[in-house]
Amino acid sequence: MTSSFSLPENLFKHLEEGAHLRRCGYRGRFAPSPTGVLHLGNLRTALVSWLKARLANGAWLLRMDDLDSHRNRTGAIESIKNDLLWLGLSWDGPVVLQSKRKALYHSLLAVLRKQGKLYPCRCSRRFLSMHPVERGRKFIYPGTCKNLHAFWGIKDGKLPSWRLHVNENFSHLTGDLVLRRADGFISYHLATVLDELTLGINEVVRGADLASVIHEQLAIFDAIGQHACAKYLHVPLMTDENGLKLSKRDNSTGLKRFYSEGIKAPKVLGLLAESINLVPKGAEITTSELLSDLRGKEEKLDGLFSNT
Ligand code: GLU
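Reading the values: rules and limits
- Residues numbered from 1 in each chain as written.
- Predicted model: local features only at pLDDT ≥ 70, side-chain atom pairs only at ≥ 80, totals over all residues.
- Heavy atoms only, no water.
- Helix = DSSP H or I, 4+ residues; strand = E, 2+ residues; numbered from the N terminus.
- Rg over C-alpha atoms; globule rule 2.2 N^0.38 Å.
- Buried < 20%, exposed > 50% of the residue type's maximum accessible area, 1.4 Å probe, protein only.
- Contact = heavy atoms within 4.5 Å.
- Areas by Shrake-Rupley, 256 points an atom, 1.4 Å probe, with all protein chains shown as cover.
- Phe/Tyr/Trp six-rings, centres within 6.5 Å; stacked < 30°, edge-to-face > 60°.
- Pairing = 2+ DSSP bridges.
- Axes fitted to C-alpha atoms, helices over the stretch in contact; angles between N-to-C directions.
- Polar contact = N/O pair within 3.5 Å; in protein donor to acceptor, adjacent residues only side chain to side chain.
- Near = heavy atom within 4 Å.
- Nonpolar A, V, L, I, M, F, W, Y, C, P; charged D, E, K, R; others polar.
- Right-handed = clockwise from strand over helix to strand, strands pointing away.

Let us now look at the overall build of the protein. The number of helices and strands found in the protein is twelve helices and eight strands. Here the protein has a C-alpha radius of gyration of 21 Å; the compact-globule value for 308 residues is 19 Å, and the two agree. Within the protein, the proportion of its 308 residues that are buried is 48%. For the protein, restricting intrachain contacts to residue pairs at least 6 apart in sequence, the fraction spanning at least 24 positions comes to 76%. Carbon and sulfur atoms form 53% of the exposed surface of the protein, whose accessible area is close to 15,600 Å².

We now examine the environment of Leu67. On the secondary structure map, Leu67 appears in the loop between strand S2 (59–64) and helix H3 (76–87). Distance in space between the C-alpha atoms of Leu67 and Lys281 is 39 Å, their sequence separation being 214 residues.

Applying the stated rule across the entire model yields three aromatic pairs. Taking 6.1 Å as the distance between ring centres and 10° as the angle between the ring planes, the aromatic pair formed by Phe30 and Trp60 counts as stacked. With Phe30 in strand S1 (residues 27–30) and Trp60 in strand S2, this residue pair connects regions lying 30 residues apart in the sequence. With a centroid separation of 4.8 Å and an interplanar angle of 85°, the aromatic rings of Trp86 and Tyr259 are classed as edge-to-face.

Read from one edge to the other, the open sheet built from three strands follows the order S4-S5-S6, with strand pairing classed as antiparallel. On the outer flanks of this sheet lie strand S4 (118–121) and strand S6 (177–180), each paired with one strand and no other. Here the average twist between neighbouring strands, direction ignored, is 45°. Here strand S5 (residues 161–164) pairs with S6 via three bridges, running antiparallel. For Trp162, the partnering residue across the bridge sits in S6 and is Arg180. This element, helix H8 (residues 214–223), spans S5 and S6 of the sheet and lies at about 70° to S6.

Let's shift gears to the side chain of Asp176. Residue placement: Asp176 occurs in the loop between helix H6 (168–171) and S6. Within polar-contact distance, the side chain of Asp176 engages the backbone nitrogen of Val166 at 3.0 Å.

For the rest of this paragraph, the subject is the site of the ligand. Lining the immediate surroundings of the ligand are Arg29, Ala31, Pro32, Ser33, Asp65, Tyr188, Arg206, Leu210 and Lys248. Taking Arg29, its side chain carries an N or O atom lying 2.7 Å from an oxygen atom of the ligand. Ala31 has a polar backbone atom sitting 2.7 Å from a nitrogen atom of the ligand. For the shell around the ligand, the residue count by class is four nonpolar, one polar and four charged.

This brings us to the environment of Asn202. Mapped onto the secondary structure, Asn202 falls in the loop between helix H7 (188–198) and strand S7 (203–207). Considered as a pair, Asn202 and Lys102 are 100 residues apart in the sequence and their alpha carbons are 22 Å apart. Sequence-distant contacts of Asn202, that is, excluding residues within four places in its chain, are made with Arg22, Gly25, Tyr26, Arg27, Cys229, Ala230 and Lys231. Among the polar contacts listed, one links the side chain of Asn202 to the backbone oxygen of Gly25, at a separation of 2.9 Å.

Time to look at the pairing of S1. Residue alternation in S1 divides its side chains into two sets, Arg27 and Arg29 and Gly28 and Phe30, and both sets are buried. Bridge count for S1 against S2 is four bridges, and the pairing is parallel. Residue pairing for S2: Phe30 is matched across the bridge by Leu62. As for the winding sense of the linkage, the β-α-β connection from S1 through helix H2 (residues 40–55) to S2 is right-handed.

What follows is the structure, encoded as structure tokens:
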């Protein structure tokens, strides 16, 4: 059961459009944050996501999660697009920029606020960091500001952040979530949920580092009276030779070295595909060859996901 929530006309139209697109067939997406150059792990996730969409004769969208402008890096959007195209991973339609969709996110925030689903929170990061979190557990907001008088204005020189009263069934899993930060930034969870809904996404293939945020996103679907519109699949993370997570901020883990050594795309694609046992060791392959090899053998991809 989802909660009751009435949507204004404009949002309703966007959701209807998304629902229509979803009914027309498979729609997946790859949604990097332009915080740096894609590393091989990101590219492997993109490859799997692309393969799933193409094997289903569906659409594959490229979305830039560029809302947190402090973290964006100059040139990252161009380098992400170039790297994907170089490998042969082409997307459908124009690149979706979250920064151009702020009005949509704000209209949802406004309606949530109007319907009493949000409350102002003035807890500082420092204050919250003093709450003990059990090892391996995530931080659950203790509800400090939940029942205070809702004063949205500036206090002590600062605006509040806006938290969502999550429904009871999520309170132990996620706690009340920040949907708009005190500095005005819209949360990734809110933007991504609204994007999946309105862009008609019905399957999300992303890195396993995001498997832990699924409850936050489900809590938002629930709060706005929608069922989760997509199936979520998580691809294992690629590690370096020391078993460490690759980082976008470390250029050495991207395609740069292959470019500078004149190594061709089929070789790199072979390395990525080999690392998930789609091709034998040392294979060189193009995306279209890989796609035709996998036709009729789609189950070869299914074993990859950590939670199907
Ligand atoms: N932009 C997020 C990231 O790069 C991924 C978002 C998603 O796939 O849900 O980590």
